[in-house]
Amino acid sequence: MGSSPQTQNHGRDRQAREDVHLTSQDASNLIDHHADLSSSESDTDIESDDTAIFESVSQSTRRLESAPLITNRRRFSSIDEDDDHDGVLGPAEDEEKPVTWSSLPKKGQLAILTLARLSEPLTQTSLQAYMFYQLKSFDPSLPDSKISAQAGILQGSFTAAQFITAVWWGRLADAGWMGRKRVLLIGLMGTCISCVGFGFSRSFATAMVFRTLGGVLNSNVGVMRTLIAEIIAEKKYQSRAFLLLPMCFNIGVIIGPILGGSLADPVSSFPQLFGPGSTFGGKEGVWWMQHWPYALPNLLSAIFIFGSFFAVFLGLDETHEIARYKSDWGRKLGKRLTRAWTRRSRHYRPLTRSRDDESVYTDGSVGAWSTPSSPARSRVHPQPRKKIGFRQIWTRNVILTLVAHFLLAFHTSAFNSMTFVFLPAPRAPENSRQGLFHFGGGLGLPSSRVGLATAIIGLIGLPLQIFLYPLVQTKLGTLTSFRMFLPFSPIAYVLMPFLAILPRISWIVWPSFTFVVSLQVISRTFILPAAIILVNNCVTDPSILGTVHGVAQSISSAARTLGPFLGGWGLGLGLQNNMIGAVWWALAVESLIGWAMLWNIYEGKGIERKKYETEEDEE
């Protein structure tokens, strides 16, 4: 009995879907040949037809076992035991799903990058808690003004070294013989060595050498942005993926000073544990802690960095379009360790290769499937693209985007530096105020309260980044949210100096301080990741992505060098001339110039690829 035309059309539709699925999965190297559907075939017959596959390279035909049509869009097993693959999602179904943190692809890769990124702000904020006292221990006869100048030089040496070398590290990351992963590993190891050397320094010159060495070898931020851009190829996930890096800063601001302040000079801080006659110190105390009192927090930071180094070495995939096809024995070792660790918990039969190693077969059980190995790995050898010249990178939009990035990094870094001078600065005498603008002094907070203020900044920013920013950015878009929230920063800068003239009453000072800082934190929460995304999307050629991110890190390092220097200099002049607000209001003008520039740039398309192209590259 013949089937109806509707049944025949339905069968052909299902057959077409099966053909498209096989074609996209095997990167157009497989041609699916099925027998024509007879009018008497049922849906079950259509799903179980034998498939003959002709490979274009060998022109030979292989007969594969019957396989049911995959309609539930589940994640497939790995074709190559050394590769991770995701199942193909239907475009309509994928677009309907809202983007959430749990829907981010490649969460394991992003977790490794987050761990590696967290090591830097954790180390930097830990240093700030005891740097003044460590420099004082080098030469106790130096006045506080000299120690403050040395601290500024140490901070500036790190960012100045980054400014000089970040572009070249970006160029190396774009080189096919080097790649992103190797540059990141060098940066982590350099930071680790710098941290240990700084902790065991006994003079300002030695500390200066190790801080500069850390800046020379550290290009982690630019490389990590490049890695995220290539791991997360779809724009809809960028608002969350690029947010991971600024989130690490707030986590470091909260945890770093606590660790650094508590572990510095442990013999004096914990005499019952490390002092003379203590549990670990014995009769005379722990000798090396007495000789190098600030080595312990640096050692702890170095251990954390070294752990992130091994996580990157064993678990991170190379994303460079050429270098990713080269052998990575660190990644292979990581996968072998993972398989050995999880072997006992497996409850499925492993895939086995055929003798010619061209296709993968299962044991023929129900629901089994087979397919040739990935063409991207076995037969396709990518040819290096013609490299764009360094001068050809600088389009008008790229230059304006980087200038806006510089201005943003300048006023945010200056705000952070000036805040930690303004908070502990002594209050001005009551009769020193003259009119609305002529007043001086700071808030006069003790060191413990300064730590509390630091924690407030981090605690405000972290939940905003996790819960609010992705929703608002998805609703408004990257450039619109940048333009909308940047003006919150100049408002905070205008109001900040007026905190010095408030009555010295806790329930007035702390709510006012929290309100003003919240304006700047809200602004920073939305504009920092937006700036990263705009820089990333102004690049349309993947061969220069690392270079542009290296340039962005370089100019950001220059801004983070000049911002605190000029901000501290202006703050000192304001304290001397009874006009503390002048430098804050100048900072507000600078941020408004950056806001005006945003109306002259546009968000580029970036290097986004279609979902199916991304999956083919992964296979």
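Thresholds applied
Within any chain, residue numbers begin from 1 and follow the written order of that chain's sequence. Owing to the predicted nature of the model, reporting of local features is limited to residues with pLDDT of at least 70; listing and counting of side-chain atom pairs is limited to 80 or more, with chain, interface and lining totals taken over all residues. Working from all heavy atoms in the structure, the side-chain values ignore hydrogens and water. Helix and strand assignments follow DSSP, with helices taken as H or I runs no shorter than four residues and strands as E runs no shorter than two, numbered in order from the N terminus. Any residue under 20% of the maximum accessible area for its type is buried, any over 50% is exposed, and the rest in between are partly exposed; the area is computed with a 1.4 Å probe on protein chains only. Only heavy atoms enter the contact rule, under which two residues are in contact if any of them lie within 4.5 Å. Only the protein chains shown count as covering a residue, and every accessible area follows the Shrake-Rupley method with a 1.4 Å probe. By convention, a stacked pair of Phe, Tyr or Trp rings (six-membered ring in the case of Trp) has centres within 6.5 Å and planes under 30 degrees apart, an edge-to-face pair has planes over 60 apart, and any other such pair is tilted. Any Lys NZ or Arg CZ that is within 6 Å of a ring centre and within 35 degrees of that ring's normal is treated as a charge sitting over the ring. The term salt bridge refers to a pairing of a side-chain nitrogen on Lys or Arg with a carboxyl oxygen on Asp or Glu at a separation within 4 Å. Whenever two N or O atoms come within 3.5 Å, that pair is a polar contact, provided that in protein one can donate a hydrogen and the other can accept it, and provided that, for residues adjacent in sequence, both atoms are side-chain atoms. Note on geometry: axes are C-alpha line fits, over the in-contact stretch for helices, and angles between N-to-C directions span 0 to 180 degrees. Angles below 35 degrees are treated as roughly parallel, those above 145 as roughly antiparallel, those between 65 and 115 as roughly perpendicular, and all remaining angles as oblique. When residues are grouped by polarity, Ala, Val, Leu, Ile, Met, Phe, Trp, Tyr, Cys and Pro land in nonpolar, Asp, Glu, Lys and Arg in charged, and all others, Gly among them, in polar. The definition of a nonpolar core used throughout is a set of buried Ala, Val, Leu, Ile, Met, Phe, Trp, Tyr and Cys residues joined through side-chain atoms within 4.5 Å. Per the annotation, domain bounds derive from an automatic or database assignment of domains. Values of pLDDT, the confidence the predictor places in each residue, fall between 0 and 100.

**A word on the overall build of the chain**
- The secondary structure content of the chain amounts to 24 helices and 6 strands.
- Across the 619 residues of the chain, 50% fall into the buried class.
- In the chain, of all internal contacts separated by at least 6 residues, the share reaching a separation of at least 24 is 75%.
- Carbon and sulfur atoms form 62% of the exposed surface of the chain, whose accessible area is close to 29800 Å².

**Looking at the packing of aromatic side chains**
- Within this structure, the stated rule accounts for 19 aromatic pairs.
- Centroid distance Phe306 to Phe309: 6.0 Å. Interplanar angle 5 degrees. Geometry classified as stacked. Of this pair, Phe306 and Phe309 both sit in helix H14 (residues 295–315), separated by 3 residues, roughly a single helical turn.
- Residues Phe415 and Tyr493 carry aromatic rings whose centres are separated by 5.6 Å and whose planes lie at 40 degrees to one another, so their mutual orientation is tilted. Here the residue Phe415 occupies a position in helix H17 (residues 396–422), and Tyr493 occupies one in helix H20 (residues 488–495), the gap between them amounting to 78 residues.
- For Tyr493, a relative accessible area of 0% corresponds to the buried category.
- Grouped by ring-pair contacts, the aromatic residues Phe306, Phe309, Phe310, Phe313 and Trp329 constitute a single cluster.
- Over the ring of Trp101 we find Arg240; its NZ or CZ atom is 5.6 Å from the centre of that ring.

**Brief notes about the pattern of salt bridges**
- Per the stated rule, a full pass over the model turns up 5 salt bridges.
- The partner of Arg180 in a salt bridge is Asp174, and the shortest N-O contact between them spans 2.5 Å. Here the two residues Arg180 and Asp174 agree in accessibility, since each one is buried.
- Taking the shortest distance from any N to any O, the salt bridge between Asp317 and Arg331 comes out at 2.5 Å. Of this pair, Asp317 sits in the loop between H14 and helix H15 (329–342) while Arg331 sits in helix H15, and the two are 14 residues apart along the sequence.
- Taken together, the salt bridges that share partners define one network made up of Asp174, Arg180 and Glu230.

**Quick notes on the environment of Pro487**
- Here Pro487 lies in the loop between helix H19 (478–485) and H20.
- For the pair Pro487 and Gln520, spaced 33 residues apart in sequence, the C-alpha separation works out to 9.2 Å.

**Section: unusual backbone geometry**
- In this structure, Lys106 takes a positive phi of about 55 degrees despite not being glycine.
- Overall, Lys106 belongs to the partly exposed group, its relative accessible area being 23%.
- A positive phi is found at Asn578, a non-glycine position, where the angle reads about 60 degrees.

**Description of the side chain of Ser489**
- Residue position: Ser489 is located in helix H20.
- Note on Ser489: relative accessible area 0%, which makes it buried.
- Of note is the side chain of Ser489, whose polar atom sits 2.7 Å from the side chain of Ser523.
- Here Ser489 is in contact with His411, Gln520, Ser523 and Ile527, once residues within four sequence places are set aside.

**Concerning the packing of helix H4 (residues 107–138) against helix H7 (residues 204–217)**
- Where H4 contacts H7, the axes come no closer than 11 Å and their chain directions differ by 155 degrees. Compared by their axis directions, H4 and H7 come out roughly antiparallel. Seen from H4, the contacting residues are Gln124, Leu127, Leu135 and Phe138; seen from H7, they are Phe204, Ala207 and Arg211.
- By residue class, the composition of the contact of H4 with H7 is 5 nonpolar, 1 polar and 1 charged.

**Points about the nonpolar core**
- Of all hydrophobic cores here, the largest spans 70 residues; its most connected members are Leu113, Leu184, Val312 and Phe482.
- Looking at this core element by element, the count peaks at 8 residues for helix H21 (residues 506–537).
- Each of domain 1 (104–336) and domain 2 (393–609) accounts for three or more of the residues forming this core.
- When near neighbours in sequence (up to four residues on either side) are disregarded, Val312 contacts Ile112, Ala116, Lys181, Leu184, Leu185 and Leu188.
- Among the nonpolar cores identified, the runner-up in size contains 34 residues, and Ala409, Phe410, Val521 and Ile580 belong to it.

**Here we look at the confidence of the model for the chain**
- Confidence along the chain averages 76 in pLDDT terms, with 74% of residues attaining 70 or more.
- Per-element mean pLDDT across the chain ranges from 36 in strand S5 (residues 359–361) up to 95 in H20.
- pLDDT under 50 marks residues 1–7. Its contacts with residues more than four places away, or in other chains, come to 3 contacts.
- Within the model, the stretch residues 16–95 combines pLDDT values under 50 with 152 contacts to residues more than four positions away or in other chains.

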